[in-house]
Amino acid sequence: MLIKKIKNSIRIHIIEAKIPKARNIIARMRLTNRAPIIIANNCLGGFIYHWLKCQFLSPFINLRMTPDDFITAIEHFSEFMSQKLIEDTEMSKKYGYPVGRGYMNTYIHFSHYKSFQEANDKWEIRKQRMNNSMMLKNGTYDLNAAAFMLSSGQTVRKPAIT
């Protein structure tokens, strides 16, 4: 029995290494939460949603945040998510794509959008999906329901929920 499990594990690893699509299929088969909430500071969250063929349940899609801004947003998550984004026209002109500013002057770079209006509309729609998917406890989000990722691969310390 143990040898069969080892052979199966080796076979899966060989398939995953040789065929990227097989890796995605295997990942979807292993997925137990069909409605993951991925909060990432770059495009990786969107890629993972595509690979797993899941609906975007997070507003953190097609955007980029600096690690410092991202950690600030996570540490003050409820306040960050409840505040409306405003366009930073100066930064938008500087980078050539829409840039929004949120709670505590955190910047969100919407490099995959043509206008701030389009980016903000998508942000608000996906924010509502996340609100409906995440449990609220005492007016704060249940951050245990989300996966946090930084582009550097660091784990983000989640704030304590009271």
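Residues numbered from 1 in each chain as written. Predicted model: local features only at pLDDT ≥ 70, side-chain atom pairs only at ≥ 80, totals over all residues. Heavy atoms only, no water.

1. Focus on the overall build of the chain
We apply this condition: Here a helix means four or more residues in a row that DSSP labels H or I, a strand means two or more in a row labelled E, and each is numbered from the N terminus. Relative accessibility under 20% of the residue-type maximum defines a buried residue, over 50% an exposed one, and the middle range a partly exposed one, all with a 1.4 Å probe and only protein chains included. Reported accessibility uses the Shrake-Rupley method at a 1.4 Å probe radius. Residues are deemed covered only where the shown protein chains occlude them.
If you tally the helices and strands in the chain, you get seven helices and seven strands. Starting at the N terminus, the α and β elements of the chain follow one another as α-α-β-α-α-α-β-α-β-β-α-β-β-β. The burial tally for the chain puts 40% of its 162 residues in the buried class. As displayed, the chain offers around 9,900 Å² of accessible surface, 56% of which is attributable to carbon and sulfur atoms.

2. Examining the pattern of salt bridges
Quick reminder of the rule: Each salt bridge in this description consists of a side-chain nitrogen of Lys or Arg and a carboxyl oxygen of Asp or Glu lying within 4 Å of one another.
Counted under the stated rule, the structure contains three salt bridges. For Glu124, the salt bridge is made with Lys127, and the minimal N-O distance between the two is 3.4 Å. In this pair, Glu124 and Lys127 both sit in helix H7 (residues 116–133), three residues apart, roughly one turn of the helix. Each member of the salt-bridge network shares a partner with another, and the members are Lys84, Glu124 and Lys127.

3. Remarks on the nonpolar core
Our working definition: Joining through side-chain atoms within 4.5 Å is the link that ties buried Ala, Val, Leu, Ile, Met, Phe, Trp, Tyr and Cys residues into a set, and such a set is a nonpolar core. We call two residues in contact whenever any of their non-hydrogen atoms come within 4.5 Å of each other.
Ranked by size, the top nonpolar core spans 27 residues in total, and within it Ile39, Phe60, Met65, Phe80, Ile108, Phe110 and Trp123 carry the most contacts. Within the residue set of this core, elements represented by two or more residues are strand S1 (37–40), helix H3 (44–52), helix H4 (67–75), helix H5 (77–82) and H7. Excluding residues within four positions of it along the chain, Met65 makes contact with Asn41, Phe60, Phe70, Ala73, Phe80, Thr106, Tyr107 and Ile108.

4. Looking at a nonpolar patch on the surface
Put simply, the test is: Here, patches come from residues exposed beyond 30% relative accessible area and free of salt bridges, joined within 9 Å for like charges and within 5 Å for nonpolar side chains (Val, Leu, Ile, Met, Phe, Trp, Tyr).
The grouping of Leu44, Phe47 and Trp51 at the surface amounts to a nonpolar patch, some 300 Å² of accessible area in total. Position of Leu44 relative to the elements: it lies in helix H3.

5. What about the side chain of Asn42?
The criterion, for reference: Distance and chemistry together define a polar contact, namely a pair of N or O atoms within 3.5 Å, with one atom able to donate a hydrogen and the other to accept it when in protein, and with adjacent residues in sequence counting only for side-chain atoms on both sides.
In this structure, Asn42 sits in the loop between S1 and H3. A relative accessible area of 19% means that Asn42 is categorised as buried. A polar atom in the side chain of Asn42 sits 3.0 Å from the backbone nitrogen of Leu44.

6. So, the confidence of the model for the chain
Detailed conclusions should not be drawn from predicted coordinates in areas where pLDDT is low. For clarity, the cut-off: Confidence of the prediction at every residue is given by pLDDT, a number between 0 and 100.
Taken residue by residue, the chain gives an average pLDDT of 78. The fraction at 70 or more is 62%. Of all the helices and strands in the chain, strand S5 (residues 136–137) carries the lowest mean pLDDT, 50, while strand S3 (residues 99–101) carries the highest, 98.

7. A short note on the side chain of His109
Take His109: it is sitting in strand S4 (residues 107–109). Polar side-chain contacts of His109 include one of 3.2 Å to the side chain of Tyr97. With residues near it in sequence (within four places) discarded, His109 still touches Asn62, Leu63, Arg64, Met91, Tyr95, Tyr97, Pro98 and Val99.

8. Description of the environment of Pro36
You can see Pro36 is positioned in the loop between helix H2 (20–30) and S1. In the structure, Pro36 is positioned 94 residues away from Met130 in sequence and 9.6 Å away in space, judged by C-alpha atoms. When near neighbours in sequence (up to four residues on either side) are disregarded, Pro36 contacts Tyr49, Cys54 and Leu57.

9. As for H3
Note the threshold: The directions from the helix axis to the C-beta atoms form the arc being described.
Within H3, the full set of buried residues consists of Gly45, Gly46, Ile48, Tyr49 and Leu52. Taken end-on, H3 shows its buried residues confined to a sector of 160 degrees, consistent with a single buried face.

10. Regarding H4
Turning to H4, its buried residues are Asp69, Phe70, Ala73 and Ile74. The arc that holds the buried residues of H4, viewed along the axis, is 135 degrees, so those residues lie on one side.

11. Some words on the packing of aromatic side chains
Put simply, the test is: Stacked, edge-to-face and tilted are the three classes for Phe, Tyr and Trp ring pairs, Trp counted by its six-membered ring, which pair at centre distances within 6.5 Å; planes under 30 degrees apart are stacked, over 60 edge-to-face, the rest tilted.
One pass over the structure, following the stated rule, counts nine aromatic pairs. Look at Phe110 and Tyr113: their rings are 5.9 Å apart centre to centre, the planes differ by 75 degrees, and that puts the pair in the edge-to-face class. Comparing Phe110 with Tyr113, the two get one shared label, buried. What links up through ring pairs into an aromatic cluster is the set Phe60, Phe70, Phe80, Phe110, Tyr113, Phe116 and Trp123.

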